[in-house]
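Chain by chain, the residues run as shown.
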Amino acid sequence: MADIVLIFPHVQRDVRAAMLFHPLGIAQLSSVLKLESMDPAILDLTFDGPDGALAWIRSHRPGIVGIYVMLTMIDQALDLARRIRELSPDTLLLCGGPMPTVRPAQFSGLFDVVFRGEAVHSLPRFCRDYLTDGDRGRMYVRYGSYPGFYAEEPATGNLFQTPMRSLSKAQLDRLPIPDRSAFAHARYQESWRLREGYCPAGIMTTYGCPFGCDFCSKPVFGSYFRRRDIGRVMEEVEDIRSYGYDGLWIADDCFTLDPRHVREFCTAMIKGRFDMRWTCLSRTGGLSQGEVDLMRQAGCSKVFFGLESGSNRVLRLMNKNATVEDAERAIGLITASGIEAAGFFMVGYPGETVETVEETFAWALTLPLSEISFTIPFPLPGTKLYGKVAGVQDRADWRYENENRMIYASEFDEDYLNRRIEETCALFRSRHARTAR
């Protein structure tokens, strides 16, 4: 019987339209828990929903249940925690992830402990010590040894919290590779074959991003940029391939930040003859012809750029530290090498005008992109954007990931923005369909 259960509460509603990846954070926690001689059970609700997981918990009554929470999973996670509390009242409930990191008080009433930030070391040590003691009272006394710990003691109402602590590069390089043994790989791969014709899995090769875009939330890995050891990365690539995947989604905040890292990764992929397609995120600055050519040789098939706006004035409002000219140059380099380029755009940003919004729509259609996506600004807690706008609906339901809704007091009309997004995307698809003939 597992004393610890880790739950990924996301339930996918439309597998064909989704970009589904098994959860890296839970896989990494599982590998470290096993290193500490614990054997966690993994309950991934993506394909089967919560009922089977709840039946398992009712039957096994584990000592600890940990739930990972992202923005689009808040309601599912809270509902799941309430139901687990009813089924197994003696189970210790933990949560972690981006939203518990930025809004721990929202979760501390229902969960016994919230772990903030990079919990990959502190949570396993806490679980080991708690299961050894078996005493909830001592848990609060010993809180100081666990970075990122946040909890309210029920008996007194006292709040116990410790500062978050990022792992150093040396600590990252000592981590075991993520434990992917418990996931429904065949079902993840089937969803990708239906969508793209190949099967990528997520991997991280760097952590953190030093840039400070006002709209960007980096609650877990923050601004502290670290490169993983390439040998360990290649070990993980080999492990991913052993599960039947033939592609990679490099989930770094910005894979191309360090040119030396890009060269080392690409050289290792070529030398290892992995023959895997991969995609990544990139900023528009800092790319050179040499790195781009090496990326193509190593299997890179598409680069996603956060382009945001076709107006340099709006890019400055966003503190993007990039220009329209940077974007055009980077996209030109990528597409000339035979790699596809995709663009993310944001329209209706505070301080811009209808003219700059329309400038962005028009600019997006001039670029040689294979894919475009538009969002309305979302003021995530902890971002500078959050502090600049008024009337934020903190409890908005975001379980439907692809919705574009205004959740703050904006000068822009939501219907206008969504209509123009739909029209621009339809025109983009029409042009691509004609080109493909």
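Preceding this paragraph is the structure being described.
Treat the numbers as computed from the prediction; the structure is a model and nothing was measured. (Residues numbered from 1 in each chain as written. Predicted model: local features only at pLDDT ≥ 70, side-chain atom pairs only at ≥ 80, totals over all residues. Heavy atoms only, no water.)

J.: Would you take a moment to explain the overall build of the protein chain for this structure?
T.: Helices and strands together make up the secondary structure of the protein chain, namely 17 helices and 15 strands. The globule rule puts the C-alpha radius of gyration for 437 residues at 22 Å, and the 22 Å found for the protein chain is close to it. For the protein chain, the C-alpha atoms occupy an extent of roughly 65 × 55 × 35 Å along the three principal directions. Residues classed as buried in the protein chain amount to 55% of the 437 residues present. Contacts in the protein chain between residues at least 24 apart in sequence constitute 73% of all its contacts with a sequence separation of at least 6. When the accessible surface of the protein chain is summed, it comes to about 18,800 Å², and 50% of that surface belongs to carbon and sulfur atoms. (Helix = DSSP H or I, 4+ residues; strand = E, 2+ residues; numbered from the N terminus. Rg over C-alpha atoms; globule rule 2.2 N^0.38 Å. Buried < 20%, exposed > 50% of the residue type's maximum accessible area, 1.4 Å probe, protein only. Contact = heavy atoms within 4.5 Å. Areas by Shrake-Rupley, 256 points an atom, 1.4 Å probe, with all protein chains shown as cover.)

J.: Looking at this model, I keep getting lost on the environment of Gln106. Mind explaining?
T.: Relative to the helices and strands, Gln106 is located in helix α5 (residues 104-108). For the pair Gln106 and Leu78, spaced 28 residues apart in the sequence, the C-alpha separation amounts to 9.7 Å. Side-chain polar atoms of Gln106 contact the side chain of Arg103, separated by 2.7 Å. (Polar contact = N/O pair within 3.5 Å; in protein donor to acceptor, adjacent residues only side chain to side chain.)

J.: Could you clarify how one ought to interpret the sheet that holds strand β1 (residues 4-8) in this entry?
T.: For sheets, the rule is that strands pair by backbone hydrogen bonds, running either parallel or antiparallel. Sheet architecture is open: seven strands sit in the order β2-β1-β3-β4-β5-β6-β7, paired in mixed fashion. Of all the strands in the sheet, the pair left with one neighbour each is β2 (41-44) and β7 (159-161). Within this sheet the neighbouring strands show an average axis-to-axis angle of 20°, counted without direction. Relative to strand β4 (residues 92-96), strand β3 (residues 64-68) runs parallel, the two sharing five bridges. (Pairing = 2+ DSSP bridges. Axes fitted to C-alpha atoms, helices over the stretch in contact; angles between N-to-C directions.)

J.: Help me out: how do you make sense of the packing of aromatic side chains in this one?
T.: Two descriptors summarise a pair of aromatic rings, namely the distance from one centre to the other and the angle between the planes of the rings. Here the structure, examined in full by the defined rule, presents 20 aromatic pairs. Relative to Phe126, the ring of Phe115 lies with its centre 5.4 Å away and its plane at 65°, an arrangement referred to as edge-to-face. Within this pair, whereas Phe115 is found in strand β5 (residues 113-115), its partner Phe126 is found in helix α6 (residues 122-133), the two being separated by 11 residues in sequence. Each member of the pair, Phe115 as well as Phe126, is classed as buried. Pairing Phe265 with Trp278 gives two aromatic rings, centres 5.3 Å apart and planes at 85°, and the pair type is edge-to-face. You can see Phe265 sitting in helix α11 (residues 259-272) and its partner Trp278 sitting in strand β12 (residues 277-282), a full 13 residues away along the chain. For the pair Phe265 and Trp278, one class covers both residues: buried. Among the aromatic residues, those joined into a ring-pair cluster are Phe21, Trp192, Trp249, Phe304 and Phe344. Here Arg277 stacks its cationic end above the ring of Tyr198, 3.9 Å away from the centre of that ring. For the cation-ring pair, Arg283 lies above Phe211, with the distance from its terminal atom to the ring centre recorded as 3.6 Å. (Phe/Tyr/Trp six-rings, centres within 6.5 Å; stacked < 30°, edge-to-face > 60°. Lys NZ or Arg CZ within 6 Å of the ring centre and 35° of its normal.)

J.: Would you mind going over the nonpolar core with me for this structure?
T.: Within the largest apolar cluster, 110 residues are counted, with the highest numbers of intra-cluster contacts made by Phe126, Phe265, Met269 and Trp278. Contact partners of Trp278, with chain neighbours within four places excluded, come to Leu248, Ile250, Phe255, Phe265, Cys266, Met269, Met295, Ala298, Gly299, Cys300, Ser301 and Lys302. Counting residues in hydrophobic clusters, the runner-up holds 27 residues, among them Val65, Leu87, Met99 and Phe111. (Core = buried A, V, L, I, M, F, W, Y, C linked by side-chain atoms within 4.5 Å.)

J.: So what exactly am I meant to see when it comes to helix α9 (residues 185-195) here?
T.: Taken together, the buried positions of α9 are His185, Tyr188, Gln189, Ser191 and Trp192. Looking straight down α9, one finds that the buried residues subtend no more than 155° of arc, so they occupy a single side. At the C-terminal side of α9, Gly197 shows a positive phi close to 90°. (Arc of directions from axis to C-beta.)

J.: I tried to follow the pattern of salt bridges on my own but got confused; where do I start?
T.: If charged atoms from side chains of opposite charge come close, those side chains can pair. Taken as a whole and judged by the stated rule, the model has 24 salt bridges. A cluster of three or more residues bridged by salt bridges with shared partners is formed by Glu358, Arg419, Arg420 and Glu423. (Salt bridge = Lys/Arg side-chain N within 4 Å of Asp/Glu carboxyl O.)

J.: Before we go on, may I ask you to explain the pairing of strand β13 (residues 300-308) in this structure?
T.: The two faces of the sheet receive side chains in turn, since in a regular strand these alternate between them. Where burial is concerned, most of β13 is hidden: nine out of the nine residues are buried. Summarising the sheet, β12 and β13 pair through five bridges and their orientation is parallel. The partner of Cys280 across the bridge, within β13, is Val303. Between the parallel elements β12 and β13, the chain passes through helix α12 (residues 289-297) in a crossover that is right-handed. In this sheet, strand β14 (residues 340-346) lies alongside β13 in parallel orientation, the contact comprising six bridges. Counterpart to Gly306 in the pairing with β14 is Phe344. (Right-handed = clockwise from strand over helix to strand, strands pointing away.)

J.: In this structure, what is going on with the environment of Cys254? I would like to understand it.
T.: Within the element layout of this structure, Cys254 appears in the loop between β11 (247-250) and α11. Take Cys254: its relative accessible area is 2%, and that puts it in the buried class. A C-alpha to C-alpha distance of 30 Å links Cys254 and Glu423, two positions 169 residues apart in sequence. When residues no more than four places from it in sequence are discounted, the contact partners of Cys254 are Thr206, Leu281, Ser282 and Arg283.

J.: Could you clarify how one ought to interpret the side chain of Ser301 in this entry?
T.: Relative to the helices and strands, Ser301 resides in strand β13. In this structure, Ser301 is in contact with Tyr198, Arg277, Trp278, Thr279, Ile339 and Glu340, ignoring residues within four places of it in sequence.

J.: Explanation requested: the sheet that holds β14 in the structure shown.
T.: Taken in spatial order, the six strands line up as β8-β11-β12-β13-β14-β15 in an open sheet, and their pairing is parallel. Each edge of the open sheet is held by one strand with a lone partner, namely β8 (200-203) and β15 (371-375). Geometrically, the sheet is characterised by an average inter-axis angle of 20° between neighbouring strands, direction not taken into account. Note that β11 and β12 share four bridges and pair parallel. Residue pairing for β12: Trp249 is matched across the bridge by Thr279.

J.: Looking at this structure, how should I read the packing of helix α2 (residues 51-60) against helix α3 (residues 74-87)?
T.: A pair of packed helices is captured by two measures, namely the crossing angle of their axes and the spacing between those axes. For the pair α2 and α3, interaxial distance at closest approach is 10 Å and the crossing angle is 25°. Here α3 runs roughly parallel to α2, going by the angle between their axes. Handedness of the α2/α3 crossing: right-handed. In this structure, α2 uses Asp51, Leu54, Ile57 and Arg58 to contact α3, whose residues at the interface are Leu80, Arg83, Ile84 and Leu87. A breakdown of the residues in the contact of α2 with α3 according to their chemical character gives five nonpolar, no polar and three charged. (Parallel < 35°, antiparallel > 145°, perpendicular 65-115°, else oblique. Left-handed = near helix turned anticlockwise from the far one by under 90°. Nonpolar A, V, L, I, M, F, W, Y, C, P; charged D, E, K, R; others polar.)

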